[in-house]
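The chain contents come next:
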Amino acid sequence: MATVHLRIGDLVWGKLGRYPPWPGKIVSPPKDLKKPRGKKCHFVKFFGTEDHAWIKVEQLKPYHPHKEEMIKINKGKRFQQAVDAVEDFLKKLKGKEQNSEGKGDSKGKKTPKKPLKILDEDDEDLSALRDPSEKPASSMEPISKRLKIIEEDTASTSIQAADSTAINGSVTPTDKRIGFLGLGLMGSGIVSNLLKMGHVVTVWNRTAEKCDLFIQEGARLGRTPAEVASMCDITFSCVSDPKAARDLVLGPSGVLQGIRPGKCYVEMSTVDPETITKLSQVITSRGGRFLEAPVAGSQQLSNDGMLVILAAGDRTVYEDCSSCFQAMGKTSFFLGEAGNAARMMLILNMVQGSFMATIAEGLTLAQATGQSQQTFLDILCQGQMASTFVDQKCQNILQGNFKPDYYLKHIQKDLRLAISMGDMANHPTPMAAAANEVYKRAKALDQSDNDISAVYRAYIH
């Protein structure tokens, strides 16, 4: 197969990690964005989004020769909108070219035909490619100018990005070596986005085969949690529950064995405050630096880099993780001392779990009283409770689709931990307690590994 030589201005199909090939254009990278070491790649601006990324040459294909092939294998509204944007753009360029050719002197001479120019990002016509609802953001603009920093009286900090895809598209990755332990529903999307934004990542997972895809994407492989922690400057962990989090640090070949003075450990799992306190103490006792950073969101939001990160602990670690948090999330909050993020996350998940159980109860009551469930949903989504969460979860229930976006067993675990936290604070949590019983029934019906919306089945059996 002959080698295809690409250059700045060429339209291409770019394959980015686990995402489908997407139409883009090779552009000049910002001056302050370094090319990944040892990789033959081009800097690509993707159409229909504000995303930019370094893409390996073997993951690029010319746009026109592969157009029909890509349209056949890729579906989805956003994909079609991106393709339509490219075609509209090319039509405008062709129209300009024809207008230029039609202009000549009085003797009918035409002006020489100029090569087709694919506009760079700074050109005015590129605005036609953007969704009108999106706010354009220049990749040359310093990240600090496109982030709203809010300092609260409680000393918490929120880094808020109005358009996360625009921010994420121009993240300058840290030069620190990143480790990541746990490639489940949340961890997989997080690691993919870290790699997408140019971070150097070493991965480990209890089921080693899950690492293979990320190795293909450029990640390095760690044989044990201890090895990852010793090799990396900052090691993240995202596992299922408090026991898994403790075992990962304190168990055989655990993280603690690889911690040295100055090494950073970031616990992203949703666990109880007591587990966080224990992990913080053992990590810092070895001279390490500790941060908790559980994330609010789902598998889809993780894949999209739109998580909300709640951090607490060592403020300097939070600052060192800045580019990582920008790659994986749309917003991050610093909440003070270790344990605060765990408390806040349990409260958030308690509310979400209770709400999902109530929505499922409403759907089943509608059916039991002879009302249309679809009409109930249509009315709900036109009122004050309308949200993407309600719409997606209810549609999945009506379609019988319980593919996990957030495991039911995990939300039940979070409800249990939140109720326990309420007991310790001598604060009543009767709504959470009632919801917890419904999820326990759903688990007894073998719904543990389905989505949280499968709590619906607890009402129909």
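Scroll up to find the structure.
Residues numbered from 1 in each chain as written. Predicted model: local features only at pLDDT ≥ 70, side-chain atom pairs only at ≥ 80, totals over all residues. Heavy atoms only, no water.

Participant: Please explain the overall build of the protein chain as it appears in this structure.
Facilitator: When helices and strands are tallied, the protein chain shows 16 helices and 16 strands. In the protein chain, buried positions account for 48% of the 461 residues. For the protein chain, restricting intrachain contacts to residue pairs at least 6 apart in sequence, the fraction spanning at least 24 positions comes to 64%. A total of about 23,200 Å² of accessible surface is found on the protein chain, and carbon and sulfur atoms cover 52% of it. (Helix = DSSP H or I, 4+ residues; strand = E, 2+ residues; numbered from the N terminus. Buried < 20%, exposed > 50% of the residue type's maximum accessible area, 1.4 Å probe, protein only. Contact = heavy atoms within 4.5 Å. Areas by Shrake-Rupley, 256 points an atom, 1.4 Å probe, with all protein chains shown as cover.)

Participant: Can you help me understand the nonpolar core in this one?
Facilitator: Soluble globular proteins tend to bury their nonpolar side chains together. Phe180, Leu194, Phe236, Val266, Met268, Phe325 and Met328 are the most contacted members of the largest nonpolar core, which has 35 residues in total. Broken down by secondary-structure element, the contributors of at least two residues to this core are β8 (178-181), α4 (185-196), β9 (201-204), β11 (234-237), β12 (264-267), β15 (307-313), α10 (315-320) and α11 (322-328). Top element by residues in this core is α4. It accounts for 5 residues. Ignoring anything within four residues of it in the chain, the contact list for Met268 reads Phe180, Ile190, Phe236, Ser237, Cys238, Ala293, Pro294, Val295 and Met328. If you look at the next biggest cluster of nonpolar residues, it comprises 26 residues, including Ala357, Leu380, Ile411 and Ala458. (Core = buried A, V, L, I, M, F, W, Y, C linked by side-chain atoms within 4.5 Å.)

Participant: What's the story with the packing of aromatic side chains in this structure? I'm lost.
Facilitator: Within a pair of aromatic rings, the relevant descriptors are the distance that separates the centres and the angle that separates the planes. Counted under the stated rule, the structure contains 9 aromatic pairs. Ring centres of Phe236 and Phe325 lie 6.4 Å apart, and the angle between their planes is 70°; this geometry places the pair in the edge-to-face category. Separated by 89 residues along the polypeptide, Phe236 in strand β11 and Phe325 in helix α11 bring together distant segments of the chain. This pair shows no difference in class: Phe236 is buried, exactly as Phe325 is. Grouping aromatic residues by their ring pairs yields a cluster made of Phe180, Phe236, Tyr318, Phe325 and Phe334. Across the ring face of Phe334, the terminal group of Arg315 is positioned such that the distance to the ring centre comes to 4.8 Å. (Phe/Tyr/Trp six-rings, centres within 6.5 Å; stacked < 30°, edge-to-face > 60°. Lys NZ or Arg CZ within 6 Å of the ring centre and 35° of its normal.)

Participant: What exactly am I supposed to notice about the sheet that holds strand β5 (residues 60-62) here?
Facilitator: Across a sheet, paired strands are connected by hydrogen bonds in the backbone, their directions being either parallel or antiparallel. Ordered in space as β4-β3-β2-β1-β5, the 5 strands form an open sheet in which the pairing is antiparallel. A single partner strand is all that each edge strand has here, and the edge strands are β4 (52-56) and β5. Within the sheet, the average angular offset between the axes of one strand and its neighbour, ignoring direction, is 45°. As paired elements, strand β3 (residues 41-46) and β4 share 5 bridges and run antiparallel to each other. (Pairing = 2+ DSSP bridges. Axes fitted to C-alpha atoms, helices over the stretch in contact; angles between N-to-C directions.)

Participant: Looking at this structure, I do not really get the environment of Phe355. What am I missing?
Facilitator: Within the secondary structure, Phe355 is located in helix α12 (residues 340-368). The spacing of Phe355 and Val390 is 35 residues in sequence and 9.4 Å in space, taken between C-alpha atoms. In this structure, Phe355 is in contact with Met385, Phe389 and Val390, ignoring residues within four places of it in sequence.

Participant: In this structure, what is going on with the state of the cysteines? I would like to understand it.
Facilitator: Put plainly, two cysteines are in a disulfide when a covalent bond ties their sulfur atoms together. Scanning all chains against the criterion turns up 0 disulfides. Looking at the unpaired Cys394, the closest cysteine sulfur is the one in Cys381, lying at 6.5 Å. Owing to a relative accessible area of 1%, Cys394 belongs among the buried residues under this scheme. (Disulfide = S-S within 2.5 Å.)

Participant: Whenever I open this one, the pairing of strand β13 (residues 289-292) confuses me. Can you help?
Facilitator: Each regular strand shows side chains that alternate between the opposite faces of the sheet. Both β12 and β13 contribute to a ladder of 4 bridges, which runs parallel. Looking at β13, one finds that Cys264 is bridged to Arg289. Once the chain exits β12 it traverses helix α8 (residues 273-285) before rejoining the sheet at β13, and the crossover so formed is right-handed. In the sheet, β13 pairs with β15 via 2 bridges, with the strands oriented antiparallel. What sits directly across from Leu291, in β15, is Gly313. (Right-handed = clockwise from strand over helix to strand, strands pointing away.)

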